[in-house]
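What follows is the residue order along each chain.
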Amino acid sequence: MKLCTMELEPGTRMSSKTASSDENQETEPTVHASASAEPDKQCMSVTVTHNGHLSPTNGLSNGNGAAHESVSPPSHRGQVPSEPRVGSPIALTHLDHHNHHAHSPNRHSPNSRGSSPRNPNTSSPCPAHGQTPGQGQHVVHVHVNPGETFSVRVGEQIQHIQGPATVRMVSQNGPPMPMPMAVPPGHMVQQIVDENGILTHVILSPHHPCQPHGMASPLTGPNGAPQYYPTGYGTQYPTAPSGYTPHTHPHGGHPAMAGMTATSVHHGTPPPIPCNSHTHTGPQGPPHPPQNHTAHGNERKQRTVERLQRRINTRRKETVHNATSTPPRRKLVNGDPRRNADTQSSSSSGDGQDIEDERRAIQDLLTLMKTPKISNVESRSALIELIPPECNTHPQWEIDPCEFRYELLLSGGKEGRDGKEGKYKMVYSGDATEITLKDLKPATDYHLRSCSLLDDLKGALTNPVTFRTLVCEPDTPQAPKLSTKTKTSLQLKWNSVTDNGAKISSYTLEYDQGKSNGRFVEVYNALARQYKVTKLGASTAYTFRLAANNSVGRSGYSEPVCFYTSGTAPSQPDPPMLSEQYVNLLVISWIKRPNDDAFCLQMDDELTGHGFVVIHNGPELSSQVKNLRRNTEYKFRLCAKNDEGSSKWSDTVCYKTLPDKPGTPSRPQVKGKTHSTSFRVVWDSPKDTGGCDITKYILEIDEGKGFETVYEGVEREHTCDHLLPGHVYRLRVSCASVGGLSGWSDACSVTTQSVAPGCCQSPKLQGKPKATYLHLRWAYPDYDGGSLVTDFEVQMVQPDNSMREVYRGPDLDCVVAGLMPGRSYLFQVRATNKAGTGGWSEPLEVISGPGSPDAPKPPIVSCKSPQSAIVCWEEPVNNGATVTEYRLEWQHRPETDFVQLYIGAALNHDVRGLTPATLYSFRVQASNSAGTGPFSQNCSCVTPPSSPGPVVAIKVSSTASTISLTWREPCCNGSEIASYNIDIGERHHLITTDSATEYTIIDLLPETVYRVRIQAVNGIGVGQFSQPVKVVTRALPPNPPKLECVTCGPNSLKLKWGDGKNPDLLEYTLEMAREEGSSYPVYQGTSHIHKVNRLAELTTYNFQIFASNDAGDGPYSSVYTFQTTKAPPPAIKAPKITDLALRSCRVEWQPCKPMGGDSIVYILQLQHKDQENRQIYKGTDTSYRLGELNPKTCYQVRVCAVRQCTDGTGDLTGAFSPGTAFTTLDPEPVNEAITKSAEKRILIAPKQLTDQQWAMIILLGFAAFAIIVAMLANKILSYTKQS
């Protein structure tokens, strides 16, 4: 179901429609169907009332009782996209097909229909079809396609109209413009306008089906029973239920659509609402909240299935227990006897049949539900009591009556007035047993049916129960309308109302006698629908209200409406008064007299020259005149009006607007040169003086503590003095006039000139002075001269009275280096800023401390042997302190760091453990009490070469007759390695090789232990032997086995080799040759047999095999050649039986695919009762007609394919298809439905068991046999023990 939603703003005035005055007239708050001129359609008229509800009538009248006809299809003169506006008053006329659901009464009670105020001037009749609409009326047709729903929102109320339908909308307050449409996704709205841009037709076009969502919810009634308001029987709730999904326009639409609420409606069966018939909410309780009924339904369904499964398991256990004592009973299938089925072979199908029988029995129980009981029938409500099905007669089902759900269907309205049953529509779905139907039509026949549901099972509907609602007082009439008026009379008329089953006897008209005190007096009581009230006062307001009477009682009063009698024109009013005065606005007010209804205010602006112009026209007593010029005088005059005419103009008065405050002056600027303690500033007057002269200027200055006033006067310049040098000042200025004080100008920043800083204090020594450096610190000068100090300069006086600058920078400390130990030095400091440099501070005298020794001369190295050397050095300059120790460091390679070798007071050191032919570097440093001196320069030497080092990291790999050796080249010790000596044992000679680091020893014995050693040789001599390595040669690899073919098939070959024993765990590799000559392995493992699959039929294949063990792979065997056989045709599916007759039928089967160049023939066999299968056909056709059959006899047919080989090897017969059983027809006439069902059962082939099912049956059989054997053995043993 598709949905289109149209929303109107709350407060939109809608037109009221009046139906003809016959007794069958209805004014219901929902849509209902009535007969139209066409026999296959029904016409509906929908009117939007003032309280926001949609009310239907049998036909909209044109004032003379003529009803509307069907609306003709629209003519498409122009199409525009959907960009509508909001707020057009409309009236709807709806044409609906006869197959739509009937609608029920509105859920709103009669006491709430007249609560909203009404405007009597908005009602006007709608013309009949083919007539021109009345003045000020415009018609728009909304076309709803089948399956769509058109939803109208007025205020907080929603009305839904189902398609196919044409909705006629009448606007009485001006031509309608395109209106906003909330369209579900995948839909498009076309709005058709005429040549004047007036909306005439609206068409909703769906693009793809959409599933709407919706839910109706029950409310509690006065007696605690739930009240259900179905979707199709009334308007929606004031706010959409939580289950509704909002839809928006797919194209974005007009910007006004952003704040609208689109609604959707659910058609069909509403979801069940869980409730308890014994615990209802009271009259003041809230409605039941929506719940997740799908989840609860699934849980109940699961419980039912589990309950049925438990009963089936119990029944199966009883059957197994009684299997040995009672014979199997015959089973009835659809009332016909059948052969007993093997229950042990098909447990799953039996369970499904038991569950289906249980469900069928429960559904029969639901069908036995009694008809509902109807009580407390009133004019607009009735109490329905539902009786649950009797479940006490079947206690084995374990059904709780609270699990039942019920559906209630109602037929009534206009179709039920003559006692006939109309179309039923669901009004309730839930688990409550007491339901209160609300908003029924008075004096109307209704027919009610119900049914019960349990999970997904649903019973049949009960017989209809008929009841008739009571008559009641008439509906509240609309407010009376004014026809004509004079100074002493008012002519009123009104529309007829619904009598609600009792004929209208009279109308009662009351008025307040013009006193406006809320007390009404009856002025008319008769059946006529118009009356002239006379003897009234001129220019007086009278309030009227109307009520209708019948034999039951009086209806509610209509909304009070006020009308005035005619009078005289008002006299000249007093001049208007000035209430408020502003710069660009004047508030003008005046006094209202009793005879004044409206006022006209005019203004004259002499500068424009247009004279007096109307600036206000209405009943208000004041007016704001905006957009005036400041400090300007304007003239005003006033005129009073009423229905009789206008008064003379009042005397002219003049009022003047206030002047505005002046604009902001310009930013102050410095005039002339800025000094260290003063400067002069000037500024300009503001561009906008506010309409009056400037009275003074105000200058403020900020030196960092906030702005302070330094000048007030009419001059536009000022000298600021007594300032600080190098300080930043901020200045701003404002001006004042009669209009007020202006804003402050932008601030101007001015910095005074700065001077050089003062002298610094003497620097101070930080820490103890060292031999070659010291650390000095100083502070900022007491006076910086108005500018930040940027640099400091430190000067040093050396012992020879020469001066040197040792530091210049912004820091307050420095380290002076390059000093001589034990010398006296003088230090001074001075500061510098951007204005200049200050004076030197007082000098600071400092004596430097002792120093560390100087660097010694490079040491002297003498090599005594390739592994030892002696290092000597001389004593350096000690710089005033005796050298206490020396530190000797050496370096093995240039890329490594120096490491300590010796520390002590000696001047030489003997180095041992050196590496031959290696470069060594040495350095030395001295230390005294003042510290450690620098290192000497490096001294390098190379040790003499030596014999090579031992061989390490030997790797071996062996075969049956060889040993492969690889090793890492040892250190040559300064002389290249020339050869290697290999020793493999005492019984073998020494093997000499070249300088290569790998060698293979051959001609060895298999499975023999060898001890291998290696020795390096260079020009100096022979190195040491390596550690011995133990090596064992391997055994010889095995020979290949003999290969033979065990089984030959069309697509596989089963090959075998060896004698079936493999004690040595040999691994065999079977390879198959490709067409291009190469081969690939098809098997690798320890088994002696392998089946090669996926081969082509009648094809020759070549194979080779070899064996492997730890010694390696053995040789290949000779080539073996094997050939595959031809393949039989595959099995055919079960044949089909067609054209079944008394003595004949046609058998059809699927053909087989051709196999090479061989032809395919088919063999058809027939079996009758217990006889054997006999061949009745053999040929190439895929169908055969059987004849000469016996009537009403069971037969079974099967078919197989035969491959006729052309090479003379014979025919290959495939497997037979599953058998297809059928029964010929009975010569006696039978029911056509039974024959069709029998044919359907015949055509269904019996289900064949799968391999897994056969395996399970065989396994169960073995298990049962084992249990029986164990029981017999146990009894035999017990008997033997007893004997």
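What this report covers is the structure whose coordinates are included nearby. Since we're looking at a predicted model, the values are computed, not measured.

## Brief notes about the nonpolar core
(1) Moving on: By size, the foremost hydrophobic cluster in this structure holds 25 residues, and its most contacted members are Leu-386, Phe-404, Leu-408, Leu-410, Leu-437, Leu-440 and Phe-467.
(2) Moving on: When residues of this core are traced back to their parent elements, those giving at least two are α2 (347–367), β19 (382–385), β20 (405–411), β21 (425–430), β22 (434–437) and β23 (445–454).
(3) Moving on: Membership of the second largest hydrophobic core comes to 21 residues, among which are Leu-1140, Cys-1145, Tyr-1162 and Leu-1189.

## Overview of the side chain of Thr-1069
(1) Moving on: Here Thr-1069 shows up in strand β75 (residues 1067–1073).
(2) Moving on: The residues touching Thr-1069, leaving out its near neighbours within four places in the chain, are Pro-1081, Tyr-1083, Gln-1084, Gln-1104, Ile-1105 and Phe-1106.

## Some points on the sheet that holds strand β73 (residues 1043–1048)
(1) Moving on: Strands sit in the order β73-β74-β77 across an open sheet of three strands; the sheet is antiparallel. Looking at the sheet topology across the chains shown, the edges are occupied by β73 and β77 (1089–1092). Strand after strand, the sheet turns through a mean of 25° between neighbouring axes, direction not considered.
(2) Moving on: Where β73 meets strand β74 (residues 1053–1057), five bridges bridge the pair, whose relative direction is antiparallel. Bridge pairing in β74 links Cys-1045 to Leu-1055.

## Notes on the packing of aromatic side chains
(1) Moving on: Throughout the structure, instances matching the rule amount to 28 aromatic pairs.
(2) Moving on: Seen from their ring centres, Phe-636 and Tyr-655 are 6.0 Å apart, and the 40° between their planes marks the pair as tilted. Highlighted residues: Phe-636 in strand β38 (residues 633–642) and Tyr-655 in strand β40 (residues 653–656), separated in sequence by 19 residues. Each of the two residues, Phe-636 as well as Tyr-655, counts as buried.
(3) Moving on: Each residue in the set Trp-494, Tyr-507, Tyr-524 and Tyr-531 is aromatic and connected to the rest through ring pairs, giving one cluster.
(4) Moving on: The ring of Tyr-424 is capped by Arg-449, whose NZ or CZ atom sits 5.7 Å from the centre of that ring.
(5) Moving on: Of note, Arg-1013 hangs over the ring of Phe-1025, and the distance from its end group to the ring centre comes to 4.4 Å.

## Quick look at the environment of Val-1082
(1) Moving on: Mapped onto the elements of the fold, Val-1082 is located in strand β76 (residues 1079–1085).
(2) Moving on: For Val-1082, a relative accessible area of 23% translates into the label partly exposed.
(3) Moving on: Placed eleven residues apart in sequence, Val-1082 and Asn-1093 show a C-alpha to C-alpha distance of 9.8 Å.
(4) Moving on: When sequence neighbours within four positions are dropped, the list of residues in contact with Val-1082 reads Leu-1070, Glu-1071, Met-1072, His-1090 and Val-1092.

Conventions we followed
Residues numbered from 1 in each chain as written. Predicted model: local features only at pLDDT ≥ 70, side-chain atom pairs only at ≥ 80, totals over all residues. Heavy atoms only, no water. Core = buried A, V, L, I, M, F, W, Y, C linked by side-chain atoms within 4.5 Å. Buried < 20%, exposed > 50% of the residue type's maximum accessible area, 1.4 Å probe, protein only. Helix = DSSP H or I, 4+ residues; strand = E, 2+ residues; numbered from the N terminus. Contact = heavy atoms within 4.5 Å. Pairing = 2+ DSSP bridges. Axes fitted to C-alpha atoms, helices over the stretch in contact; angles between N-to-C directions. Phe/Tyr/Trp six-rings, centres within 6.5 Å; stacked < 30°, edge-to-face > 60°. Lys NZ or Arg CZ within 6 Å of the ring centre and 35° of its normal.

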